[in-house]
Structures are given as structure tokens and as C-alpha cells.
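Coordinate inspection notes
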Amino acid sequence: MTATDTYLLLRAFCDELARCGMKHACTAPGSRSTPIVLSLVREERIRCWSHIDERSAGFFALGAAKVSSLPVAITCTSGTATANLAPAVIEARHARVPLIVLTSDRPPELRDVGAGQTIDQLKLYGDAVKWFFEVGVDRATAESLRWSRTLACRAYWTAADGPPGPVHLNFPFREPLVLSEPLPEDRSGRARGRSYVMFDAPAPAVPAGHGPHPVGRIVIVAGQDRRPDGGRQIARLAAERDIPLLADPLSGARRGPTAIPHYDLLLRDPEFAAGHRPEFVIRAGDLPTSKPLRAWLAGLDAAQIAFDPDGVWHDPDAVVGLRIRAPLGAAAPLAAGAPTPADRDWLQSWREADRAVAGAIDRTLGDELSEPRVARALGGWLPPESTLFVASSMPIRDVEEFFPARDGGPRVLSNRGANGIDGTVSSAFGAAAAGDGPVVLLIGDVALAHDIGGLLAASRLGLPLTIVLLNNNGGGIFHFLPVAGETDAFEEHVATPHGLDFARAAALYGCDYSRPATLAVLRDAIESSMSGDATTIIEVRTDRAENLALHRRVAEAALAAVHDRT
Ligand SMILES: Cc1ncc(C[n+]2csc(CCOP(=O)(O)OP(=O)(O)O)c2C)c(N)n1
Ligand SMILES: [Mg+2]
């Protein structure tokens, strides 16, 4: 086996990835990975994004795959480099994002004998991947070229087909790792640019007529939806049938006349929650983050029906009685459980209460710069062609709690598979690389510090990103938890203030920086960054204790407003 064999097989492999539809890949530097890096880079239909840190590379690929719904490849060298991809692989599995991880390795004879940078990479990611395959070291024959092509197709379609997720191929490479002669032609591909194996997965048939037929008091609860258009369909269905729609912004369904955007605050009122018990709950996609919503759903004595295109089992409280493996909003599932128009008072009552809460929020927040105010403002400001990437911790909670309902709002993305704060900057850059419009990242200071190296994509890859940083010097979320009372350890070990000066981080990584003092200046800064081609960090300083107090004031005002409405 020579370098020519290796490169011929890899060229066929990468050609096949491109034929299947791959548009983006991420690389990280190293020696052992040379053949696969060069083969990917030389495949012109695949745009290769270079990263120094594999953890960032993994999350960048994740963001690119999430925004485009297409598999993205990542490759890296052997050793601990491969382990640095684990967080992104795990997130991809939980969030149903198609990734193709191509690790490079020593050949079998150099394993477990003290060769450098060699660890056991077999099944390294365990059950987090949908498929692991140890690739052999082979001569490039007509048969092995054909096999290499089918391997690429299998990796691609396994990652892409529902539920999408990561796959891992481990490639052993023998030295020499570079070519010493030109590569001969290869005619083993199919004619007319077709992929070697085409793949067809017809939508599963929906069981017609089984289970309960929703009537009367119905609500729709919509969570994260990986399909870009899914939310719109759900909102249309809810509007056609006058059904209150409790939609997380990640669903894309917080829109239309029946949207109840402030369910998180509404359902904190025990009286309202008890008085608005539905007879049927139609759930779509993931379960939203909101604790009051989750608790309310768990305690209902209603028939609950879950629609999910992949049949994913999201039901921590074991209350779902019917699962339909199809997206809600597609025509077929409607025939299965056609909801009858609900009584109009039902929707009216939800809407009036929601409007009262909206008023209370606006009065309490005013136009001061605060974390909830910024989240709310972004919901109203960002144009439909933009994408808002939201970090875990308070940013995603504030977006769920305060985003208004709006037709033509931004697409909202977040790494909510495993709820990590890691890799967020890199994922947002990945979304900027593979998406269409401008990307805004809403992120806390600890999450930004965690992936500060992700900022390198701004200058190295020339990617623009508008970063709205909510800097409360630590993890503000922990003030909402009982641990905040454990004062001997709380600040240092849980809240973790760091005192970082992010203006200097901006300077180090070649980003623009500003710190607006008012909401109007913040808006200008965001708009000019979105229309420019630089990455900008726009910092809003807040205080963790004040943030807690403000959230409490909003909740109290909301409660009072719901009660005062009659
Ligand atoms: C990788 C990872 N490590 C730790 C956590 C636990 N965690 C959740 S929120 C949080 C603090 C985040 O702080 P920041 O980004 O500043 O947001 P804030 O809470 O202030 O809104 C931490 C450490 C996590 N979710 N993921
Ligand atoms: Mg913080």
C-alpha cells in the first residue's frame, strides 16, 4: 500500500461526499491527518474551514450543519485531538445534527506499542455516534474504490437520515503521508455526477384514525424544530383552528394570531394554570425549557399527543399517550387526529391574559438596558433573514420568557441537545459560514470566556458575527437556584466571577467592540454590525443580583396583571 493508494481512495471518498451534497468541512492541523485534510481541501465542491482548536472545529461544524440541515465533515489528527471533538459529537447526537467525524490514526502495527500521539480511538465516542467504522488500509483497486465510494455514501446518509446525528470513521494511515507522484485518473464514479448510492427515505405512513381525536379545549406546545419551515406550518394549523399556541422561539412557531408567547409567566400563576387546563395537548418537537410549562404539562389530566418527525421520545414525566412519527403541520398527521375547532372563549381567555402579561413586562422593564429587555428587543428588531444564535443559561431562558410573537422574526438556533455552554461562539460562526443572512449571537460572559478561542474565526476565516454579550461577571443563572444561599462557596465556585475585560479580547482576536449605554445605541450598534463585514462584540454590562430582582419584579407584575384583568 502506497501514498498513491491512500490518496486515490480518499479522493473517491471526498468526491462521493460532495456528490451526496456536502458543502462544508472543518479541518484542524496535524501530521497523521495529512492525507484526509489534503483530499478534502482539494475537493472543490466542499468548502474547508481551518481551525486550530478541535473543540472549536467540532462546534463550528455543528453550527454549520444545524443552520443548513446538511452533513458537515470534521477531520483531525490522532491522539487527544480526537477527544476534543467529543462535546460537539455529544451535542450533535442529542440535538439531531448530522456530522461526519473523520479521525486519523496510526496503522494497526503502530498501536499500543509506544508510538507517539497514539491512543485507542476505536468507538471513542461510544453511543453518542449513530455509526462507528474502522476503515482499513487497502490498495486502490477497482473494488476498493467502489467500496470507498459506498463508504462515503453510507456515512453521509446515516448522518442525514432521521434522526440525523454524528457518525465516526477512523482512518489509519501509513507513511509516507504525502504523494510523490501525480494521482492517476479515477473513473469509478457514476455518470453525470450522481452519487454512487442514492438514498430514498419515504416519510412513514401516519396511522389514520387511531387514538383520540382532539376536541374542545386544546393547546399546542411547540419546542425546538430542526426543520427550518416546521414552525410556520404549526402556526398556520393553530391559526386555522383557533388553538392557543405555546411555542418556544426555537420552534419557529411563535407567530400568528393564536400565539401565547408569555406562557412561562402565565403558568406561574397557580390560579391561571388551574383554570386553563386543556382536554388535549398536542406537542410538537422537543420539550421547551420553561420549568412552569413543564410542571404544568406534567400535572395535567389531559390526553397528550406528541408529534415528532423522528419519533424522538421527549417525555420526562411519562404523560404522553400517543406518539405520531411525523411533523405536526404536515397534511397527513392532521387526518389522523384532526383537531376540531375549539370554543372561541378558550383562545380568547389565553390571549387576554397573555396581553395583560405583555403590558406588565413592558411597564416593568421600561427602556433601561437589562438582560430581559435585550432579549425582548432582539425579538422585535431582528429581520426575518437573520439568525439569532442563543447561548445556554439565562440567554435562552430570557429569549423563551420575553421574546414577543412576531411574523417575520429571526430564525432562532441554540445548542439545546445537551444544554452546554461550551462551543457557543464556534457554533455561531459555523452558522454564519453555512447560512444565508447575518447571524447575531446572544451570549453570557462565562459562555464567551469558555469558547473565547472561537473568536479566532473572525480574523482567520474572515467571518462576520454580531455578538451581543450580556456581561454580569459570572453565571447569573445560579442566583435563581437554592445554591445561591450557600455563601461560603457560591461566589468563587459557582458564580465564578472572572473580571475579564472583553474589549481586550476583541483587540486580541481582531474584532470590533462597543459598549452602548442605551437601548437606542444598542440597536444602532447591532444594525450597523449586521450590515458590515466584521465581527463585533457589543457588550451590555449587568449585575447578577439586580438581574434576579428584576426577574422577580416582572413575575410579580405579570401575576398582578393576570389577576386584575377581570
Ligand atoms: C460545558 C458546561 N459547563 C458547565 C455548565 C453549567 N453552567 C450552566 S449555566 C453556567 C453559567 C453561564 O454563565 P453565563 O454564560 O455568564 O450566563 P448567565 O448565567 O450569566 O446568564 C454554567 C457554568 C454547562 N451548562 N455546560
Ligand atoms: Mg454571566
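Rules used in this analysis
Residues numbered from 1 in each chain as written. Chains lettered and ligands numbered in written order. Predicted model: local features only at pLDDT ≥ 70, side-chain atom pairs only at ≥ 80, totals over all residues. Heavy atoms only, no water. Helix = DSSP H or I, 4+ residues; strand = E, 2+ residues; numbered from the N terminus. Buried < 20%, exposed > 50% of the residue type's maximum accessible area, 1.4 Å probe, protein only. Contact = heavy atoms within 4.5 Å. Areas by Shrake-Rupley, 256 points an atom, 1.4 Å probe, with all protein chains shown as cover. Lys, Arg positive; Asp, Glu negative; His and termini not counted. Charge placed at Lys NZ, Arg CZ, Asp CG, Glu CD. Axes fitted to C-alpha atoms, helices over the stretch in contact; angles between N-to-C directions. Parallel < 35°, antiparallel > 145°, perpendicular 65-115°, else oblique. Left-handed = near helix turned anticlockwise from the far one by under 90°. Nonpolar A, V, L, I, M, F, W, Y, C, P; charged D, E, K, R; others polar. Donors = N, O, S within 2.8 Å, 3.2 Å for Na, K, Ca; no water. Salt bridge = Lys/Arg side-chain N within 4 Å of Asp/Glu carboxyl O. Patch = residues over 30% accessible without salt bridge, like charges linked within 9 Å, V, L, I, M, F, W, Y side chains within 5 Å. Pairing = 2+ DSSP bridges. Core = buried A, V, L, I, M, F, W, Y, C linked by side-chain atoms within 4.5 Å. Arc of directions from axis to C-beta.

Right, let's get into the overall build of the protein chain. The secondary structure content of the protein chain amounts to 21 helices and 17 strands. Evaluated residue by residue, the protein chain yields a buried proportion of 55% over its 566 residues. Sequence-distant contacts in the protein chain: of pairs separated by 6 or more residues, those separated by 24 or more amount to 77%. For the protein chain, the exposed surface amounts to about 22,700 Å²; the carbon and sulfur share of it is 52%. One finds the centroid of the 58 positive side-chain charges in the protein chain at a distance of 5 Å from the centroid of its 68 negative side-chain charges.

What follows covers the packing of helix 13 (residues 371-381) against helix 14 (residues 394-402). Axis angle and axis distance: for two packed helices, these are the angle between their axes and the distance between the axes, and together they describe the pair. Two numbers describe how helix 13 lies on helix 14: the axes approach to 8 Å, and their chain directions differ by 60°. In this view, helix 13 runs oblique relative to helix 14, as classed from their interaxial angle. Both helix 13 and helix 14 take part in a crossing whose hand is right-handed. On the side of helix 13, the interface is formed by Glu371, Pro372, Ala375 and Arg376, while helix 14 contributes Met394, Asp398, Val399 and Phe402. Counted by class, the contact of helix 13 with helix 14 contains 5 nonpolar, no polar and 3 charged residues.

What follows concerns the coordination of the magnesium ion (ligand 2). Taken together, Asp445 (OD), Asn472 (OD1) and Gly474 (O) make up the protein donors of the magnesium ion (ligand 2), found 2.0 to 2.2 Å from the metal. The sequence motif formed by the donor residues of the magnesium ion (ligand 2) is D-x26-N-x1-G. Of this pair, Asp445 sits in helix 16 (residues 445-450) while Asn472 sits in the loop between strand 15 (466-471) and helix 18 (490-495), and the two are 27 residues apart along the sequence. For Asp445, a relative accessible area of 1% gives the class buried. Owing to a relative accessible area of 6%, Asn472 belongs among the buried residues under this scheme.

Right, let's talk about the side chain of Thr387 for a bit. Within the secondary structure, Thr387 sits in strand 12 (residues 387-390). In contact with Thr387, other than residues within four places in its own chain, are Arg411, Leu413, Pro438, Val439 and Val440.

Right, let's talk about the pattern of salt bridges for a bit. Where charged atoms from two side chains of opposite charge approach closely, those side chains can pair. All told, the structure shown has 26 salt bridges when counted by the stated rule. Across the pair Asp15 and Arg149 runs a salt bridge whose closest N-O atoms are separated by 2.7 Å. Of the two residues, Asp15 is situated in helix 1 (residues 3-20) and Arg149 in helix 6 (residues 142-160); the sequence distance between them amounts to 134 residues. The partner of Arg111 in a salt bridge is Asp105, and the shortest N-O contact between them spans 3.3 Å. For the pair shown, Arg111 and Asp105 are each scored as buried. Salt bridges sharing common partners tie together Asp15, Glu16, Arg19, Glu43, Arg45, Arg149 and Asp186.

On to the environment of Cys153, then. One can find Cys153 in helix 6. Taking the relative accessible area as the measure of exposure, Cys153 reaches 1% and is therefore buried. When near neighbours in sequence (up to four residues on either side) are disregarded, Cys153 contacts Glu16, Cys20, Ser195, Tyr196 and Val197.

Before going further, it helps to examine a positive patch on the surface. A surface patch of like charges, here positive, comprises Arg146, Arg190, Arg192 and Arg194. The residue Arg190 is located in the loop between strand 6 (166-172) and strand 7 (218-222) in this model.

What follows concerns the sheet that holds strand 15. Taking strand neighbours across the sheet as the criterion, the 6 strands line up as 13-12-14-15-17-16 in an open arrangement whose pairing is parallel. On the outer flanks of this sheet lie strand 13 (411-414) and strand 16 (512-514), each paired with one strand and no other. In this sheet, neighbouring strand axes are inclined to one another by 20° on average, regardless of whether the strands run parallel or antiparallel. Its contacts with the sheet place helix 3 (residues 54-68) against strand 12 and strand 13, and it is angled at close to 145° to strand 13.

Proteins that are soluble and globular tend to have nonpolar side chains buried together. Core analysis: the biggest nonpolar cluster contains 56 residues, and Phe60, Ile74, Leu99, Phe429, Leu441 and Ile443 have the highest contact counts within it. Those residues within four positions of Ile74 in sequence are excluded, and the remaining contacts are Cys26, Ala57, Gly58, Ala61, Leu85, Leu99, Ile100, Val101 and Leu102. By size, the runner-up hydrophobic cluster in this structure holds 29 residues, among which are Ala25, Leu40, Ala152 and Leu177.

The strands that make up a sheet are held in pairs by hydrogen bonds between backbone atoms, and each pair lies either parallel or antiparallel. Within the open sheet, the 5 strands sit side by side as 8-7-9-10-11. Their pairing is parallel. Of all strands in the sheet, those with a lone pairing partner are strand 8 (245-247) and strand 11 (322-324), marking the two edges. The sheet shows a mean angle of 20° between the axes of neighbouring strands, direction not considered. Relative to strand 10 (residues 303-307), strand 9 (residues 280-284) runs parallel, the two being bridged by 5 bridges. Among the inter-strand pairings, Phe280 is bridged to a residue of strand 10, identified as Ala303. Running over the sheet, helix 10 (residues 291-299) touches strand 7, strand 8, strand 9 and strand 10 and is turned about 135° from strand 7.

Within helix 7 (residues 230-240), the full set of buried residues consists of Gly230, Gly231, Ile234, Ala235, Leu237 and Ala238. Take helix 7 and look down its axis: the buried residues cluster within an arc of 160°, on one side only. Positive phi shows up at Asp242, right after helix 7, with a value of about 55°.

Turning our attention to the pairing of strand 3 (residues 72-76). Summarising burial for strand 3: 5 of the 5 residues are buried, a large majority. Of the two faces of strand 3, the one carrying Val72, Ile74 and Cys76 and the one carrying Ala73 and Thr75 are both buried. By the bridge criterion, 2 bridges tie strand 1 (residues 24-27) to strand 3 in an arrangement that is parallel. If you follow Cys26 over to strand 3, its bridge partner there is Ile74. Strand direction decides the pairing type here: strand 3 and strand 4 (residues 99-105), joined by 5 bridges, are parallel. If you follow Ile74 over to strand 4, its bridge partner there is Val101.

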